[in-house]
Amino acid sequence: MRNIVLRGRKVVGGASEGEALVTRDRISGWGGIDPRTGTIIETRHELRGKSFKGKVLVFPGAKGSSGWSSQFHIARLAGAAPAAMLFNEMTTKIALGAVVTHAPAMTDFDRDPLEAIETGDWVRVDADRGIVEVTKKEEE
Amino acid sequence: MRLTADEQAMLDGAEGPARQRAMDLLVRYGEALGAERLVDTNNVCATVGATMPFLRDYCAAHSGGLDAVFSEFSLDSPDVVEIPKVKVYSCHLQQGLDPAHADRQGIGPEVVKVYRAGEAFSGRIGVQLMNTCTPYQIGNIPAKGEHCAWMESSAVVYCNSVLGARTNAEGRESAGAAMLTGKIPYWGYHLDENRLGTHLVDLQIDVKDTVDWGLLGYWIGEAVQEQVPVLRGVTHVPNLARLKHFGAAASSSGGVEMYHIVGVTPEAATLEEAFGGKRPKAVLKYGAAERRLALERLNSTASDRNVDYVMLGCPHYSIDQIWEACQLLEGQRVHENCNLWIFTPSAIKRIADQNGYTKLITDAGGFLMTDTCSAVGRVLPKGTKVAAVDSAKQAHYLPAIMGIQTWFGTTAECIQAAITGRWSGG
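Residues numbered from 1 in each chain as written. Chains lettered and ligands numbered in written order. Predicted model: local features only at pLDDT ≥ 70, side-chain atom pairs only at ≥ 80, totals over all residues. Heavy atoms only, no water.

**So, the sheet that holds strand β10 (residues 282–286) of chain B**
Residue and element names in this part refer to chain B. One open sheet holds the four strands; their spatial order is β9-β8-β7-β10, and the pairing between them is parallel. Two strands in the sheet have a free side with no partner beyond their single neighbour: β9 (260–261) and β10. Each of β7 (199–203), β8 (229–232), β9 and β10 is contacted by helix α8 (residues 210–224), which is oriented at about 150 degrees to β10, the strand it contacts most. (Pairing = 2+ DSSP bridges. Helix = DSSP H or I, 4+ residues; strand = E, 2+ residues; numbered from the N terminus. Contact = heavy atoms within 4.5 Å. Axes fitted to C-alpha atoms, helices over the stretch in contact; angles between N-to-C directions.)

**Here we look at empty space enclosed by the protein**
In total, this model carries two cavities of 30 Å³ or more according to the counting rule given. Considering only enclosed or pocket space, the largest cavity measures out at about 580 Å³ in volume. Together, 39 residues line the largest cavity, and W30, G67 and Q71 of chain A together with M52 and V376 of chain B are the ones closest to its centre. With four residues, helix α16 (residues 392–402) of chain B is the single largest residue contributor to the lining of the largest cavity. Of the residues belonging to the lining of the largest cavity, the class tally is 20 nonpolar, 14 polar and five charged. In this structure, the second largest cavity spans a volume of roughly 90 Å³. Around the second largest cavity, the lining residues are E42, T43 and R44 of chain A together with Y218, R297, L298, S300, T301, A395, H396 and P399 of chain B. Elements with a minimum of two residues in the lining of the second largest cavity: α11 (288–298) and α16 of chain B. Top contributing element to the lining of the second largest cavity by residue count: α16 of chain B, with three residues. For the lining of the second largest cavity, a count of residues per class yields four nonpolar, four polar and three charged. (1 Å grid on protein atoms, 1.4 Å probe; cavity = no way out; pocket = protein on both sides within 12 Å on 5 of 7 lines; lining within 4 Å. Points joined across faces, edges and corners; volume = space filled by probe spheres on them. Nonpolar A, V, L, I, M, F, W, Y, C, P; charged D, E, K, R; others polar.)

**A look at the interface of chain A and chain B**
On the chain B side, the residues contacting the 32 residues of chain A number 45 residues. Between chain A and chain B, a total of about 3,100 Å² is buried, with carbon and sulfur atoms accounting for 58% of that surface. Sorting the residues of chain A by area buried against chain B places W30, R44 and T92 of chain A first, and these three jointly supply 20% of that buried surface. Connecting chain A to chain B are five salt bridges. Among the salt bridges present, the one from D76 of chain B reaches R76 of chain A, with a minimum N-O distance of 2.9 Å. Where chain A meets chain B, there are 16 residue pairs in polar contact (both at pLDDT 80 or more). Residue composition of the side of chain A that touches chain B, by class: 11 nonpolar, 12 polar and nine charged. (Buried area = accessible area lost by both parts, 1.4 Å probe. Salt bridge = Lys/Arg side-chain N within 4 Å of Asp/Glu carboxyl O. Polar contact = N/O pair within 3.5 Å; in protein donor to acceptor, adjacent residues only side chain to side chain.)

Here you go:
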């Protein structure tokens, strides 16, 4: 099995795993997702209509409203949070959003997760150790 | 993160469980950011009520009332704690409804009760009930250099760029914790070096009226995302309303929290000051083609020219915008198939009442509303399918949140649509 290992910095601790959902579009929280289902609703977003519930969400970063954290907070309470979040651009929206989602989160990787990970790959995130293990989907 | 003695004492519980939870959240958040320390703030803007969709249900289902709502949604606390008075100047942002128009907004009496309970709670803990996305329009105008902890992306970008005060886009939890502690992570736009421009935007067409500024903001947000654009070539000095619409648009299509306009905004007397003597990462041009692209994107959800709802006041209208709308509306009548709702802070509505504008709007068949807007409160006239707005921000969010078509154009085009029930704009 072909595995890729990425190293990065812990944003929120813990370990989890799941199928990757990857986007190159930044994500809006308030007005960009339906927190009750974890579905992306932004009109021109490439993931529109797809849900991140239980997925390892891999994305560049956050944009839009300061309601970002509260929407991901609600997603957690609604049982629709992602299993983990991996992202490149640190902002207050995403830092706080990750903290209140309580899912493992990482950033500052040794290689770009948007290049290394594709939608459908299986991803194990160990944020405490700063390690992401990717199993490519074609070899599943 | 390094904590001062008073911060450590709060974290150890010396000031009670609520401030302990608040400091714990600030430490988790600061460490997630990679911040080295906290900074004192005496100016917080946030939402603490429970009138927004989902929170209403949470509040109704939870016996702990507003203390439980604050513990969960403003502190990310694992348990319900009693919320003490805030330590620093704190203002409430927009709510989920206008209690004076609850019926019309499709809001039941049980949610109005939640609003009233939130009002009493905010009063008890000392949160000023400004109930607007534009606290800077009704007296909360921080000084240049003042450290703030504001939510509301359109207010954050105004605070940083136009006022020269310093805030990141805080969220409900960090702002809640800041209210109770007077602290916020010293990171991002609190530091000089992060306030410098990154992208130079050369304006090649005249950017004059409010719709021009909205389009420019919408295009820039998409082009620079969360970075710091510097505008060069402004031919007409913008007023408050234009800067408000520009920032709101740029923080919706992207994540702009800070911009400079050379010769206009307080940290950009010169191009050199705006960039701190560094070279821009990129130079972008804004001309007729870019303006057209922004307009096409904003109108991409709309095809039906029969408009059944015109919404003005995103961000909340200033008194001069209400005056402008009234001049266009005077002696006219809103079409029987259309609704006109205009949103403003209640403090500004008081002036509109005195000036006779509220009556003029009502006599024409429209309504002047306060406290909320259609996107935040998810409040629409019953059966709305096609809306028209003069706000790029609202045109961005309304189709996604409410699943309706939305036209974007000038205030005059919107008022015309309200009168005729037809969209005749671009």
